[in-house]
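What the coordinates show
This is what each chain is made of:
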Amino acid sequence: MSDPMRIRAVANGDKVEVKILMSHVMETGQRKDADGAVVPAHYIVKVVGTCNGREVLSADWGPSVSKNPYLSFRFKGGAKGDKVKITWTDTAGEQRSDEVSVG
Amino acid sequence: MNTRFAARLLYTMLASGTLLLAGAVRADTSTQDAIAEYREMFGDDNPAELWQARGEALWHEARGPQKANLEACDLGLGPGVIAGAYAQLPRWFADTGQVQDLETRLVTCVTSLQGIPRDDFLKVKFGDGEKKSELEALTAYVVAASRGKPLTLPLKHPAEQAAFDLGKAVFRYRAGPHDFACATCHGEPGKRIRLQELPQLNTALGAREAYTHWPAYRISQGELRSMEWRLQDCFRQQRLPQLKFGSEVAIGLTMYLAKTAEGGVLAAPGIKR
């Protein structure tokens, strides 16, 4: 099972700034282990952010994103108390969602 | 110097890259700046938080044959007190009769409170991708609770003084195929390895700069690295025999560094290149 994300969402005027730390190996599929065998690719391909169910971010990711990725973005039209939910999907089909209230 | 000799010397210097040194020094500064900038960007968003969160969950979870959590773990300030505990470690513990650093003390708590065998718990001492270390997570959690606290190591117990003396001696002890000591790289100002400036660890200033930021998230490895990891990797770089986890030498060196850095304000877990 994957570890929870750390999400912070802070309202600033009419904008909400979201900062996310995700726990993921982000294996590119290009590395080899000590025995010379290819380490299979395992990385996040899709990140979706919603605010009270409304989609505010949709991103297609690839193997060039770092391990334990950090993502920050801002969107308009959010307010204190709104629920920001982040969901990622990886190459193994695994999905993880975490939610915070905008502070 | 005759002209022909000067020309040959210049040619040799060009060929050997000696003249490129000036460029290398500039690159050094810009690399340091870039790392500092990168750290700035992260600010409070150090991925070490992922380890802290995992450690916090582990601390409160009833686990092991005794189905106990670690809330009764005594890290030196009384059972369950973690705020500021790391700022006063390593220290002597009456129940084990040993000087222990944070990591070995956590092992004591896990084995005695939860009944998890030492070898099982230490199977993954240092995490690597999917192989996650519980010890590192717990370490990150406890360390973070000492942020902003000054290092205090009075060395009241003779065993603590002995650990310090041992660490100080090992720091200067030259050994191995390269005849290296810790002091070879960390005993003078202005040394570097590749492009990384090395802190001078036998001065309060250098020791504080380094010690107060470890354990740290290592960007290039995508892992949180503990003090025990840092020391054993220094030993590997010196081509010395593998440093045993929790050994007298490991704890002695930690004590020497911590004491030298005394008064420094903890900012760990930090973030490193």
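None of these values were measured; they are calculated from a predicted model. (Residues numbered from 1 in each chain as written. Chains lettered and ligands numbered in written order. Predicted model: local features only at pLDDT ≥ 70, side-chain atom pairs only at ≥ 80, totals over all residues.)

**Some remarks on the overall build of chain A**
Counting secondary structure elements, chain A contains zero helices and seven strands. Counted from the first residue to the last, chain A has its helices and strands arranged as β-β-β-β-β-β-β. Each of the 103 residues in chain A was classed as buried or not, and the buried ones make up 24%. Contacts spanning at least 24 positions in sequence make up 52% of the contacts within chain A whose residues lie at least 6 apart. (Helix = DSSP H or I, 4+ residues; strand = E, 2+ residues; numbered from the N terminus. Buried ≥ 20, exposed ≤ 12 C-beta atoms within 10 Å, placed from the backbone. Contact = placed C-beta atoms within 7 Å.)

**Describing the nonpolar core**
Among the nonpolar cores identified, the biggest contains 69 residues, and A:I20, B:Y86, B:A140, B:V142, B:Y211, B:M255 and B:L257 are the most heavily contacted of them. Ranked by the residues each element gives to this core, the list is headed by helix α6 (residues 134-144) of chain B, at eight residues. Ignoring anything within four residues of it in the chain, the contact list for B:A140 reads B:A48, B:W51, B:Q52, B:G55, B:P215, B:L224 and B:P269. (Core = buried A, V, L, I, M, F, W, Y, C linked by C-beta atoms within 7 Å.)

**Here's the deal with the interface of chain A and chain B**
With 11 residues of chain A at the contact, the number on the chain B side is 10 residues. Counted by class, the side of chain A that touches chain B contains four nonpolar, three polar and four charged residues. (Nonpolar A, V, L, I, M, F, W, Y, C, P; charged D, E, K, R; others polar.)

**A closer look at the packing of helix α3 (residues 48-60) of chain B against α6(B)**
Residue and element names in this part refer to chain B. Relative orientation of the contacting elements α3 and α6 amounts to 100°, with a least axis distance of 7 Å. Looking at the two axes, α3 sits roughly perpendicular to α6. Taken together, the residues of α6 that come into contact with α3 (itself represented by A48, W51, Q52, R54, G55, E56, L58 and W59) are E134, E136, A137, L138, A140, Y141 and A144. Classifying every residue of the contact of α3 with α6 gives nine nonpolar, two polar and four charged. (Axes fitted to C-alpha atoms, helices over the stretch in contact; angles between N-to-C directions. Parallel < 35°, antiparallel > 145°, perpendicular 65-115°, else oblique.)

**Overview of the pairing of strand β4 (residues 54-60) of chain A**
Every other side chain in a regular strand lies on the same face of the sheet, so the side chains alternate between the two faces. Residues and elements named next belong to chain A. Examined bridge by bridge, strand β3 (residues 44-51) and β4 share six bridges and lie antiparallel to one another. Pairing of K46 across the sheet is with D60, part of β4. The turn linking β3 back onto β4 is made up of two residues, and N52 within it adopts a positive phi angle of 50°. (Pairing = 2+ DSSP bridges.)

**Some points on the sheet that holds strand β6 (residues 223-225) of chain B**
Residues and elements named next belong to chain B. Read across the open sheet, the three strands follow the order β6-β5-β7; overall the sheet is mixed. The open sheet has two edge strands, β6 and β7 (270-272), and neither has a second partner. Pairwise comparison of adjacent strand axes, ignoring direction, gives a mean angle of 35° for this sheet. Both strand β5 (residues 216-218) and β7 contribute to a ladder of three bridges, which runs parallel. When the bridges of β7 are listed, Y217 appears paired with I271.

**Details of the packing of helix α4 (residues 102-114) of chain B against α6(B)**
For any two helices packed against each other, one specifies the inter-axial angle together with the distance between the axes. Residues and elements named next belong to chain B. The N-to-C vectors of α4 and α6 enclose an angle of 115°; their axes lie 10 Å apart at closest approach. Looking at the two axes, α4 sits roughly perpendicular to α6. Here the hand of the crossing between α4 and α6 comes out right-handed. Contact residues: α4 offers L102, E103 and L106, while α6 offers L135, L138, T139 and V142. Broken down by class, the residue content of the contact of α4 with α6 amounts to five nonpolar, one polar and one charged. (Left-handed = near helix turned anticlockwise from the far one by under 90°.)

**What to know about the confidence of the model for chain B**
Residues and elements named next belong to chain B. Mean pLDDT over chain B stands at 86; residues scoring 70 or higher make up 86%. Below pLDDT 50 for its whole length, residues 9-27 participates in four contacts with residues either more than four positions away or in separate chains. Both confidence scores are given for the complex: pTM 0.81, ipTM 0.74. (pLDDT = per-residue confidence, 0-100.)

**Description of the sheet that holds strand β1 (residues 6-12) of chain A**
Residue and element names in this part refer to chain A. A sheet is described by the order of its strands in space; here three strands give the open sequence β1-β2-β5, paired in antiparallel fashion. The two strands at the open ends of the sheet, each matched to only one other strand, are β1 and β5 (70-76). Adjacent strand axes in the sheet meet at a mean angle of 15° when their direction is disregarded.

**A few points about the pairing of strand β6 (residues 83-90) of chain A**
Residues and elements named next belong to chain A. Burial of β6 is one-sided: the residues V84, I86, W88 and D90 facing one way are buried, the residues K83, K85, T87 and T89 facing the other way are not. Looking at chain direction, β3 and β6 are connected through seven bridges and run antiparallel. Looking across to β6, one finds that C51 is bridged to V84. Bridge count between β6 and strand β7 (residues 95-101): seven bridges; the pairing is antiparallel.

**A word on α4(B)**
Side chains that are three or four residues apart share a direction in an α-helix, a result of its 3.6 residues per turn. Residue and element names in this part refer to chain B. If you check α4, its first and last C-alpha atoms are 17 Å apart, about what 13 residues at 1.5 Å a residue would give, namely 18 Å. Within the sequence span of α4, burial applies to L102, E103, T104, R105, L106, V107 and V110. Buried residues along α4 sit in contact with β1 (91-93), β2 (98-100), α5 (118-121), α6, α10 (227-237) and α11 (248-260). (Expected span 1.5 Å × (residues − 1).)

**Quick notes on the environment of B:W92**
All names here are of chain B. Within the secondary structure, W92 sits in strand β1. W92 gets classed as partly exposed once you count the C-beta atoms within 10 Å, which come to 19. It is 25 Å that separates the C-alpha atoms of W92 and Q52, two residues lying 40 residues apart in sequence. Excluding residues within four positions of it along the chain, W92 makes contact with V99, H157, A159 and E160.

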